[in-house]
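Architecture and fold: a report
Below are the chains, spelled out letter by letter.
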Amino acid sequence: MELQFLNEIPWGYVAGVAALFFIALGFTGAPLILWITGLTVLMVGYGAPVWAWVVLGAITLFFAVKPVRRATLSNGIMKTMKALNFLPVISETERTAIDAGTVWIDGELFSGKPDFKRILNESYPSLTKDEQAFLDNQVEKLCEMTDDWKVFQNRDLPPEVWEFLRKEKFFGLIIPKKYGGLEFSALANSAVVAKLTSRCGPLSTTVMVPNSLGPAELLTHYGTKEQKEYYLPRLAVGDEIPSFALTEPNAGSDAGAITSSGVVFRGDDDGLYIRLNWEKRYITLAAISTVLGLAFKLKDPENLLGKGENPGITCALIPTKTPGVELGLRHDPLGVPFYNCPTNGKDVIVPIDVIIGGVEGAGKGWKMLMESLAAGRGISLPASSAGGTKAMLRVAGAYAAVRKQFGLPIGKFEGIEEPMTRVASYAYILEAARIYTCGALQQGAKPAVVTAIAKYNFTEIFRKAVNDTMDILGGAAISKGPRNLVAHGYMSVPVSITVEGANILTRTLMIFGQGAIRCHPYALKEIEALTANDLKAFDDAFWKHIGHVVRNLFRSVLLSASRGRLASSPVSGAAAPYYRKMAWTSATFAFISDVALGSMGGALKVKEKLTGRFADVLSWMYLGTSVLRRFEAEGRRKEDEAFLHYSMQLAFSNIQEAFDGIFRHLNVPGLGWFFRGPVAFWSRLNPISTPPSDALGKKLAKASQVPGELRDRLTDGTYIPNNINEALGRLEHAFSLSIEAEKVADKIKDAIRAKELPRMKPLLLLDEALDKGIISTDDFELVKKAEAARFDAIQVDSFTLDEYKETAAEPYPTLDVNANKAEHQPMLN
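Residues numbered from 1 in each chain as written. Predicted model: local features only at pLDDT ≥ 70, side-chain atom pairs only at ≥ 80, totals over all residues. Heavy atoms only, no water.

**Re the packing of aromatic side chains**
Rules: Here is the rule: rings of Phe, Tyr and Trp (six-membered ring for Trp) pair when centre to centre is within 6.5 Å. Planes less than 30 degrees apart are stacked, more than 60 are edge-to-face, and the remainder are tilted. Numbered from the N terminus, helices here are DSSP runs of H or I no shorter than four residues, and strands are runs of E no shorter than two. We call a residue buried when its accessible area falls under 20% of the maximum for its residue type, exposed when it is over 50%, and partly exposed in between, using a 1.4 Å probe and counting protein chains only.
Throughout the structure, instances matching the rule amount to 25 aromatic pairs. Arranged with centres 5.3 Å apart and planes meeting at 85°, the rings of Phe-116 and Tyr-579 form a pair that is edge-to-face. With a gap of 463 residues between them, Phe-116 in helix H7 (residues 116–121) and Tyr-579 in helix H24 (residues 576–600) connect regions that are remote in the sequence. Taking the relative accessible area as the measure of exposure, Phe-116 reaches 7% and is therefore buried. An angle of 65° between the planes, with centres 6.1 Å apart, marks the rings of Phe-589 and Phe-614 as edge-to-face. Taken together, the positions of Phe-589 in helix H24 and Phe-614 in helix H25 (residues 608–633) put the pair 25 residues apart, joining distant regions of the chain. The burial state of Phe-589 is the same as that of Phe-614; both residues are buried. Clustering of aromatic rings is evident, with ring pairs tying together Phe-110, Phe-512, Phe-589 and Phe-614.

Written out as structure tokens, the structure is:
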């Protein structure tokens, strides 16, 4: 029976609606059954021929019926991928590193369709009352006690500072209260390090290291009851000074290549012992440590522990007075005087119970280290970089307002505005990401990819902030002495770039290399299924992965064409467009990542220039997301909008630059020309963002040079001495007076415009302005006082020849400039 009513349906209109329907299916990642249903409706309407129904039936059979799909398509694909070694091979150490961390919002950013409601619901914490009190009192006092210049000159902290550190439990920030520690949150630990960094880098490092990867952290999480009860109370009050030895001459970034060894043997007393030998370097606090955390490869040739002959990397606590332990030497990391040292051990005999976690912890050292670093990387160095950047902003803003050239504060010149703007935006971005990252850690997450992003980007951005501040201060930044507030930070930056995973490695391998496996919703499942030869698990992961790719293809194209407008935003107002652009970015990133993984497979692992660009995209997505979270958490302040706009436009323009590099160098077999040509052209024609405008940057630069709540909030947590005889106190005093004096200058300028005073520099008209009653006596005195403070603040240090030589290890004899004068006289002609 012919269905006459079908002939009355306007199938052209239906086809258009169906096209939109299929686009919607692709955009939302709808299941296959909806696609098949849609095709069935269209084919009925158009009276499709038999062969079309056969094709649809085959598609349904081979793709929608899982047992058939698994036995035919999936089985063949799985065998081919295994034969070609298509997916990357994961070593045991890589597997441990990947398993050690957790996936947090990095998974959302990697998904192509981030859940912004979840992102906004993630913690953006604040300090407790006790933590804030410690920061306002003990940390403030410690900063006051420490003279950064003298620390560098004397190559150590003064004895009273060391005693204060012990007394106030600065070495026990993370140790639980039941063991005598302070049990501070990740945010409080971070805030302490940030504030100390703003005062003195070596002081910050001395506090940072015992509260980062080391004995206290490892014991808290993995130690036996006896180990915790013995060591943690002693570590909390500084009776024990810890260090942790991992790096070796041939095991730096490749920490798994350590050759330090420990051999298990049975002693004459029938007890079990370990004979240790090691050669370590770059170990902070080692020369003064009383207990050395040691990572080594444990060997058990007689299988006395029942874990085989090679249990693997193990961590142990070695009392440094043990015979055979060699300490006492120091490295000199660019003249920065914190204890950084080599240590050797020769035939050091220790009982088996020195292993962290006891016998049960044998062979689990790598897992312990990776789990600890997955969290720790997000605290210490990011905190010091954020604290340092805020200090640079405080210094640069004040100096730019105080220092005058051509009759104007240098901060009014656009050449100074440019670097000032960058430093201001860096301070806003890093503080946002510091707090957001700590929030995740306090909730129990160990987001290894996010903390790697933080370590790499914070230290690199701090390097840029220091360089920009050096440029703003000019000669005042390069003349060393107690007045110089920048030079020591400039000297210290390369150290943070290098430690806890060198930045080149972190960017090219850890952020995207591990991120592509760990954060991708299906890649790790596929690798595990291939390794286990699990066809059912592979079938499930692989076809979901294909659906994921199709969805992100649709989303990336449609969001690009609409400039993100098709995406929804969880908020309204100033930030809304940036959520839509983040959705656009995520879809493009997810799709192009899958293109790279699908075309290069395991070979992508060694394409480090390419993975570095992918890492840049993921990094700036995270930093941008942190800015959005900060803006929301702080109540969408109107005065912060310029910082929001500049930071987000900077993030997206950096993402755009990275995408452009990816498209130029993505050599997809048969399609490389397409990405280098049409895709790259479209990307340049329709960029996610261009860099922020000069007009917008001017607002940030101006805000950095005006006293008040906004400037104080931007540099919150920076140590600012009240003593005007100290460098920053002196500069802040001059800054405050100079801003007040500007009001007097404005009165004189108004009088010049009214022709009540001649056209001259306001300073030269003070007496005449006072005589004519244009300014008051108080105004006159204020300007004089401000000019005196300004002149004092811009002075730089100088030394007698004898003073200058006091820092030399072995001073040369003083040169007699008159000696042999006759012999040298011809050279003067």
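**Re the packing of helix H18 (residues 448–473) against helix H21 (residues 503–518)**
Formally: Geometry is summarised by axes, namely lines fitted to C-alpha atoms with helices restricted to the contacting stretch, and by angles between N-to-C directions that run from 0 to 180 degrees. The labels follow the angle: roughly parallel below 35 degrees, roughly antiparallel above 145, roughly perpendicular from 65 to 115, and oblique for the rest. Crossing handedness follows the turn of the near helix against the far one: under a right angle anticlockwise gives a left-handed crossing, and clockwise gives a right-handed one. Any two residues whose heavy atoms approach within 4.5 Å are treated as being in contact. Classification used: nonpolar for Ala, Val, Leu, Ile, Met, Phe, Trp, Tyr, Cys and Pro, charged for Asp, Glu, Lys and Arg, polar for all others including Gly.
Between H18 and H21, the shortest axis-to-axis distance is 9 Å and the interhelical angle comes to 150°. On the basis of their axis angle, the class for H18 and H21 is roughly antiparallel. Handedness of the H18/H21 crossing: left-handed. Contact with H18, carried on its side by Val-449, Ala-452, Ile-453, Lys-455, Tyr-456, Asn-457, Thr-459 and Glu-460, involves Asn-503, Thr-506, Arg-507, Met-510, Ile-511 and Gly-515 of H21 and no other residues of that element. Its residues placed into classes, the contact of H18 with H21 shows six nonpolar, five polar and three charged.

**Let's talk about helix H26 (residues 641–665)**
In plain terms, the rule: Multiply 1.5 Å by the residue count of a helix minus one, and that product is the helix's expected span.
In a regular helix each residue adds 1.5 Å, so 25 residues correspond to 36 Å; H26 covers 36 Å between its end C-alpha atoms and thus fits that length. Burial analysis of H26 places 20 of its 25 residues in the buried class, which makes it a mostly covered element.

**Here we look at the nonpolar core**
Formally: Here, nonpolar core means buried Ala, Val, Leu, Ile, Met, Phe, Trp, Tyr and Cys residues that are tied together by side-chain atoms lying within 4.5 Å of each other.
Formed by 193 residues in total, the largest nonpolar core has its most connected members in Leu-165, Ile-318 and Leu-666. Apart from the residues lying within four places of it in its own chain, the contact partners of Leu-666 are Ile-592, Val-595, Ala-596, Met-600, Leu-610, Gly-672, Phe-675 and Arg-676. Formed by 29 residues, the second largest nonpolar core is a distinct cluster that contains Ala-97, Leu-213, Leu-219 and Ala-251.

**Describing the packing of helix H8 (residues 129–145) against helix H10 (residues 159–167)**
Look at H8 against H10: their axes get within 10 Å of each other, and the N-to-C directions meet at 170°. When the axes of H8 and H10 are compared, the pair comes out roughly antiparallel. Contact residues: H8 offers Gln-138, Lys-141, Leu-142 and Met-145, while H10 offers Glu-160, Val-161, Phe-164 and Leu-165. Residues that form the contact of H8 with H10 fall into these classes: five nonpolar, one polar and two charged.

**Some points on the pairing of strand E3 (residues 272–284)**
Rules: By the convention used here, strands pair only if DSSP detects at least 2 bridges between them.
With six bridges joining them, strand E2 (residues 261–266) and E3 adopt antiparallel strand pairing. What sits directly across from Val-263, in E3, is Arg-275. Taking the residues between adjacent antiparallel strands as the criterion, E2 and E3 are bridged by five residues, where Asp-270 takes a positive phi near 75°. Sheet analysis places E3 next to strand E7 (residues 340–351), joined by nine bridges and oriented antiparallel. Within the sheet, the bridge partner assigned to Glu-279 lies in E7 and is Asn-344.

So, to be careful, I would describe these as geometric facts and stop short of saying anything about function.
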